[in-house]
Each structure stands twice: as structure tokens, then as C-alpha cells.
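Structural overview for review
Letter by letter, the chains look like this.
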Amino acid sequence: MLQKVLEGCISNSKMQYSRCVIEIVLQTINDDGSVLSCALHAIIAALMDAGICMNRLPLATTIAVDGSSTNEEDQTARLLLDPSLEEEDDDDQTSMTLITSNTETDRLLGSIVTNGGTTKLLSLEQLLACQEAASRASPAVLAFL
């Protein structure tokens, strides 16, 4: 998933990188939650440092949807941005990483459900709330890059 997102973001000028292979190796030293978001942002920082031209910057936001606090009437749930590892592993939560763009924050480039086999189905309203939260968080993430 990350590979496809990055391939779409790196400049596709055939003359610029016609004889280049861009290889990215990640090593997780410590996982305290939101590891996919951290990995993507580390890759982007490394590509920027290497001078690789990019069409847009993918910005990742990890969100945990707390299923235990769901209001049955309107299907709203508590959203946790940048959850810790303990919060991600909670059986009552569904954790997902949403990837947006710095140029079009309302458009999703990808999404990944990051918790294990305890994934609970989310309603459309919950998914849209997650996308809206990721769009609002994107400028803050971009400020750190």
C-alpha cells in the first residue's frame, strides 16, 4: 500500500529518473502506536532530504474508532487521533491509517486498517467522520515536515 502511494507521489518525469532505482528500507526501532503514519513520514523526510522531486506529499493520520462509546441513535463514535499502541490493540476499537495529500486534503490516497483480526465494521458516517478528521489534521502534520 505504501509503495503504491509513494509511486503516485514521486515525480513521473521520465527524463529525471529514467536510470534510477529508488529503494527504501525501513527499520522499526520502537513501536508506540501509529507506526504506519510514522513510517510514511520518515520516508517522505528521507525523499525530501535526497532531493527527490514529488508531485504532492502524502500525509498519514492514524485514527482509532472507539466502538464501546458508539451512540446507537446517530452511530457517532469517539475518534482518537494518533493512538498509542495500547489504544490500537483495544478489542473495542478499530484502528485505521488514512493517507491524504497536501494539495487535496479532502481526497484520500489510501487507507489501511491497522489492527488485527478484531476489526469491527464501521458505518458510513463513522468512515466519513474519520476522513474529515484526517483532512483537518493534515495541515498540522505538514507543519512538522
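Anyway, here's the lowdown on the structure attached to this text.

Basis of the calculations
- Residues numbered from 1 in each chain as written.
- Predicted model: local features only at pLDDT ≥ 70, side-chain atom pairs only at ≥ 80, totals over all residues.
- Heavy atoms only, no water.
- Buried < 20%, exposed > 50% of the residue type's maximum accessible area, 1.4 Å probe, protein only.
- Helix = DSSP H or I, 4+ residues; strand = E, 2+ residues; numbered from the N terminus.
- Arc of directions from axis to C-beta.
- Contact = heavy atoms within 4.5 Å.
- Patch = residues over 30% accessible without salt bridge, like charges linked within 9 Å, V, L, I, M, F, W, Y side chains within 5 Å.
- Areas by Shrake-Rupley, 256 points an atom, 1.4 Å probe, with all protein chains shown as cover.
- Salt bridge = Lys/Arg side-chain N within 4 Å of Asp/Glu carboxyl O.
- Lys, Arg positive; Asp, Glu negative; His and termini not counted.
- Charge placed at Lys NZ, Arg CZ, Asp CG, Glu CD.
- Pairing = 2+ DSSP bridges.
- Axes fitted to C-alpha atoms, helices over the stretch in contact; angles between N-to-C directions.

1. Re helix α1 (residues 2–9)
Those residues of α1 not exposed but buried are Leu2, Val5, Leu6 and Cys9. Along the axis of α1, the buried positions cluster into a sector of 95°, meaning they face one direction only. For α1, the exposed residues set more than 90 degrees away from the buried face come down to Gln3, Lys4 and Glu7. Residues of α1 that are buried sit in contact with α2 (35–49), β1 (58–66), β3 (93–101) and β4 (108–113).

2. Describing a negative patch on the surface
Taken together, the side chains of Asp31, Asp32, Asp82, Glu86, Glu87, Asp89, Asp90, Asp91 and Asp92 make up a negatively charged region of the molecular surface. On the secondary structure map, Asp92 appears in the loop between α3 (85–89) and β3.

3. Observations concerning the sheet that holds β3
Sheet strands line up and pair through hydrogen bonds in the backbone, either parallel or antiparallel. Spatial strand order, β2-β1-β3-β4: four strands in an open sheet with antiparallel pairing. Looking at strand neighbours, the two that pair on one side only are β2 (78–81) and β4, the edges of this open sheet. In this sheet, adjacent strand axes meet at a mean angle of 25° when their direction is disregarded. As judged from the five bridges shared by β3 and β4, these two strands associate in the antiparallel manner. Along β4, the bridge assignment pairs Thr100 with Leu108. α2 rests against β1, β3 and β4 of the sheet, and its axis sits at about 175° to β1. Where helix α4 (residues 124–144) meets the sheet, its contacts fall on β1, β2, β3 and β4, and the angle it forms with β1 comes to roughly 135°.

None of the figures reported here should be taken as evidence of function without further support.
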